[in-house]
Amino acid sequence: GPEDRPLVVLSHALSVSHAMWGFQLPVLAAHYRVLSYDMRGHGGTDATGEDLTRGYTLEQMADDVVHLVSRLGHGRFHFVGLSIGSMIGQVLALRHRPLLDRLVLCCAGTGKPNADQQKMWDDRVAAIAKDGAAGQVEGTLGRWFSPEFRKDAPRTVGWIADQIRATESAGYIGAALAIKRMDVPAADLETLRLPTLCIAGEKDPGATPAAVGALRDRIQGARFTVIQGGYHLCNVEKPHDFNEAVLGFLLEGDAD
């Protein structure tokens, strides 16, 4: 996008790469300078050397964004995150509030995983350590897309499946453990003063509208949009509705 326009940073979901934003880039880049990056252990970014029993932290991954933006010579920016990208966005806003102009949090809850959720992540990490990320493809696609979309758009779904298969086990596990240990206190979010849009997929089985609505309720003045018929990767399945919501919100900041 134009070098003289504000920067928008896009942070992707677990086990895919910056490529998942392919339906957003042309629209956003018509108005903004856009940075779409691969988080640790995903896409073209190598997994780091941490002991995988320890994994990454959301704080570490939020600081990665700040270091990358600074290294590229930028200052303040808008941030759009989906799934783990949205979790990173919450921590980023709390740790580096002065750097952010507008925040878009898509398809993620907040707070701290309960015991059942933590066990689910432990089980998934064990499965990936044994069989690699390829063993997660079918289950992930079932959570991320509607049955109708999987039937009607097999090549698009295959494009996402290929990104999952390509993810290093170490990177997947490192990020999964960061999600397992997420702990974003409600009291901290309630102190946040930042224009924020929270987006939910209407039929997302993981980050339900109720869960995303709870996130919205904790951030004073935050807005809430539900993508009708959307599952978890609603930016891919419902790109037009998603783009209208995100771009409309970001462009409002230009008039401030």
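For the structure itself, look to the data block above.
Asks: Mind showing me how you'd approach the overall build of the protein chain here?
Replies: Of the regular secondary structure elements, the protein chain holds 12 helices and 6 strands. Over its C-alpha trace the protein chain gives a radius of gyration of 17 Å, about what one expects of a compact globule, namely 18 Å for 256 residues. With the C-alpha coordinates aligned to their principal axes, the bounding extent of the protein chain is approximately 50 × 40 × 35 Å. For the protein chain, buried positions account for 52% of its 256 residues. Looking at the protein chain alone, contacts between residues at least 24 apart form 78% of all its contacts between residues at least 6 apart. Counting only carbon and sulfur atoms, one obtains 51% of the accessible surface of the protein chain, whose full area is about 11,000 Å². Computed over 26 positive and 31 negative side-chain charges, the inter-centroid distance for the protein chain is 2 Å.

Asks: I would appreciate a short explanation of the environment of Leu14 in the present structure.
Replies: You can see Leu14 is positioned in the loop between strand S1 (7-11) and helix H1 (25-29). The buried category is assigned to Leu14, whose relative accessible area is 6%. Put simply, Leu14 and Ala93 are 79 residues apart on the chain and 20 Å apart in space, counted from C-alpha to C-alpha. Leaving out residues up to four positions away in the same chain, Leu14 has contacts with His42, Ile84, Trp121, Arg124, Trp144, Tyr172, Ala175, Ala176 and Ile179.

Asks: What is the right way to look at unusual backbone geometry in this model?
Replies: Working note: non-glycine residues mostly have negative phi, and peptide bonds are mostly trans. Unlike most non-glycine residues, Ser15 shows phi in positive territory, near 75°. Of note, Ser15 is situated in the loop between S1 and H1. The residue Ser83 is not glycine, and still its phi comes out positive at about 60°. By the secondary structure assignment, Ser83 is in the loop between strand S3 (77-82) and helix H3 (84-95).

Asks: Just to check I follow, could you spell out the packing of helix H2 (residues 58-71) against H3 for this structure?
Replies: Between H2 and H3, whose axes approach to 8 Å, the crossing angle comes to 75°. Classified by the angle their axes make, H2 and H3 are roughly perpendicular. Residue-level inspection shows Leu58, Glu59, Met61, Ala62, Asp63, Val65 and Val66 of H2 in contact with H3, the latter providing Ile84, Met87, Ile88, Val91, Leu92 and Arg95. Residues of the contact of H2 with H3, tallied by class, amount to 10 nonpolar, no polar and 3 charged.

Asks: What is the right way to read the pattern of salt bridges from this model?
Replies: Opposite charge on two side chains permits pairing when their charged atoms draw close. In total, this model carries 14 salt bridges according to the counting rule given. The partner of Asp63 in a salt bridge is Arg95, and the shortest N-O contact between them spans 2.8 Å. Pair noted here: Asp63 is in helix H2 and Arg95 is in helix H3, with a separation of 32 residues, a long-range link. Owing to a relative accessible area of 42%, Arg95 belongs among the partly exposed residues under this scheme. One salt bridge connects Lys130 with Asp131, and the closest N-O pair in it is separated by 3.4 Å. What you see here is one network of salt bridges that share partners, running through Arg102, Arg223 and Glu252.

Conventions we followed
- Residues numbered from 1 in each chain as written.
- Predicted model: local features only at pLDDT ≥ 70, side-chain atom pairs only at ≥ 80, totals over all residues.
- Heavy atoms only, no water.
- Helix = DSSP H or I, 4+ residues; strand = E, 2+ residues; numbered from the N terminus.
- Rg over C-alpha atoms; globule rule 2.2 N^0.38 Å.
- Buried < 20%, exposed > 50% of the residue type's maximum accessible area, 1.4 Å probe, protein only.
- Contact = heavy atoms within 4.5 Å.
- Areas by Shrake-Rupley, 256 points an atom, 1.4 Å probe, with all protein chains shown as cover.
- Lys, Arg positive; Asp, Glu negative; His and termini not counted.
- Charge placed at Lys NZ, Arg CZ, Asp CG, Glu CD.
- Axes fitted to C-alpha atoms, helices over the stretch in contact; angles between N-to-C directions.
- Parallel < 35°, antiparallel > 145°, perpendicular 65-115°, else oblique.
- Nonpolar A, V, L, I, M, F, W, Y, C, P; charged D, E, K, R; others polar.
- Salt bridge = Lys/Arg side-chain N within 4 Å of Asp/Glu carboxyl O.

Geometric values such as these leave the question of function open.
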